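Structural overview
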Amino acid sequence: MLVFDSNLKLKTFLEQNLRLNQSVGFVPTMGALHDGHLSLVKKAIVENDLVVISIFVNPTQFNNKEDLIKYPKDIQKDIQKIESLSSKVIVFTPSADEIYQGKIESQHFNFDGIENQMEGKFRPGHFDGVGTIVKKLFSIIQPNKAYFGEKDFQQLQIVKKLVEKENLNVNIIGCPVFREKNGLAMSSRNERLNPAERKNAAMIYRALKMAKKEFKVKSSKQVLDLVLNVFNQQTQFQLEYFQIADETQLSPCIRKSKHKKYRAFIAVLVNNIRLIDTISLN
Ligand code: PAF
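Before going into details, it helps to say that this report is about the structure given with it.

What counts, and at which threshold
Residues numbered from 1 in each chain as written. Predicted model: local features only at pLDDT ≥ 70, side-chain atom pairs only at ≥ 80, totals over all residues. Heavy atoms only, no water. Helix = DSSP H or I, 4+ residues; strand = E, 2+ residues; numbered from the N terminus. Rg over C-alpha atoms; globule rule 2.2 N^0.38 Å. Buried < 20%, exposed > 50% of the residue type's maximum accessible area, 1.4 Å probe, protein only. Contact = heavy atoms within 4.5 Å. Areas by Shrake-Rupley, 256 points an atom, 1.4 Å probe, with all protein chains shown as cover. Near = heavy atom within 4 Å. Polar contact = N/O pair within 3.5 Å; in protein donor to acceptor, adjacent residues only side chain to side chain. Nonpolar A, V, L, I, M, F, W, Y, C, P; charged D, E, K, R; others polar. Pairing = 2+ DSSP bridges. Axes fitted to C-alpha atoms, helices over the stretch in contact; angles between N-to-C directions. Phe/Tyr/Trp six-rings, centres within 6.5 Å; stacked < 30°, edge-to-face > 60°. Lys NZ or Arg CZ within 6 Å of the ring centre and 35° of its normal.

Section: the overall build of the protein chain
The helix and strand inventory of the protein chain stands at eleven helices and nine strands. What you see for the protein chain is a C-alpha radius of gyration of 19 Å, in line with the 19 Å of a compact globule of 282 residues. In terms of overall dimensions, the protein chain has a C-alpha envelope of 60 × 40 × 35 Å along the principal axes. A buried classification covers 53% of the 282 residues belonging to the protein chain. Pairs at least 24 residues apart make up 72% of the contacts formed inside the protein chain by residues separated by at least 6 positions. Split by element, the accessible area of the protein chain, about 14000 Å² in all, is 49% carbon and sulfur.

Below is the structure:
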């Protein structure tokens, strides 16, 4: 399997090896690959002639130093996981210097307010970092399709906005959340949980499922109170936010409208490890 760590070498390889009408699928990741990532890669393999997977822990999207330092990294293990999938796959593992050319800074974006909700509120600068790296990677790889997991639903909407605003020629594909047996959404950060935390973190998805059930018959404020109450009754998991929002603007749902699609969004801290999840409500 081909592994590139240079922008120019990857770009040149793609230019020289792609025949007319051949398509490139792209799966951007920060490594510590799990089955959720692999499901994106498998989908990309089926839908494209070549697939590029990037593994790059992007410093500009971390507002919290400890989170960046402790982010799980094991490139050799990641490469082994990808290797067996298909010969169509190319891995891109650039350094921060290669990507940022010595200037580790984000571009500032206006994503029409989506960037100020939830993750944007609690992680200042996060979506500028995401927009910056995704734009840079798209410009190197020039994919036809790019695959993003719906666990980071707000990120998915941000990337769609980026494509619209910057007039980029790439099709953004959202893929369903992958869950562990107990319902916990798969995330690279789960590796940092101890066995008890990992087991008990099932309460996050349980709360989301309860929200989905209750949203059919209760107001969004009532659902909010129910979820707050669940988290108030224990001390292991601190609720950072729970928000019911429409899928396009991501602004809080005050009064339900029949014509809108809603989702519940949650962020929880356990022992300084941040977990997020989401569920579609209607
Ligand atoms: O979702 C992620 O892993 C990251 O935010 C992404 C899209 C790879 C950009 O660094």
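Back to the write-up after that little detour.
What about the site of the ligand?
The full set of residues close to the ligand is Pro28, Thr29, Met30, Asn58, Gln61, Ile133, Phe148 and Gln155. Side-chain polar atom of glutamine 61 to an oxygen atom of the ligand: 2.6 Å apart, as the coordinates give it. Here glutamine 155 contributes a side-chain N or O atom positioned 2.6 Å from an oxygen atom of the ligand. Partitioning the shell around the ligand into residue classes produces four nonpolar, four polar and no charged.

Overview of the sheet that holds strand S8 (residues 262-270)
An order of S7-S8-S9 is seen for the three strands of this open sheet, with the pairing classed as antiparallel. Of all strands in the sheet, those with a lone pairing partner are strand S7 (238-246) and strand S9 (273-280), marking the two edges. Averaged over all pairs of adjacent strands, the angle between strand axes in this sheet comes to 15 degrees, irrespective of strand direction. With respect to the sheet, helix H10 (residues 202-215) is in contact with S7, S8 and S9, its orientation differing from that of S9 by roughly 25 degrees. Here helix H11 (residues 220-232) sits on the sheet and contacts S7 and S8; the angle it forms with S7, its principal contact strand, is near 160 degrees.

Let's talk about the environment of lysine 258
The residue lysine 258 is located in the loop between S7 and S8 in this model. On the basis of relative accessible area, lysine 258 is assigned to the exposed category, the value being 83%. Through-space distance from the C-alpha of lysine 258 to that of asparagine 282 is 9.3 Å; in sequence the pair is 24 residues apart.

Re the packing of aromatic side chains
One pass over the full model with this rule turns up eight aromatic pairs. Pairing phenylalanine 4 with phenylalanine 13 gives two aromatic rings, centres 5.3 Å apart and planes at 45 degrees, and the pair type is tilted. Residues phenylalanine 4 and phenylalanine 13 agree in their burial class; the two are buried. Relative to phenylalanine 265, the ring of phenylalanine 153 lies with its centre 5.9 Å away and its plane at 55 degrees, an arrangement referred to as tilted. A residue pair is termed long-range when its members are at least 10 positions apart, and phenylalanine 153 in helix H8 (residues 153-165) and phenylalanine 265 in strand S8 qualify at 112 residues. Here phenylalanine 153 matches phenylalanine 265 in class, with each residue buried. In this structure, arginine 179 packs its charged tip against the face of tyrosine 205, placed 3.6 Å from the ring centre. Across from the ring centre of phenylalanine 153, 4.2 Å away, lies the NZ or CZ of arginine 263, which sits over that ring.

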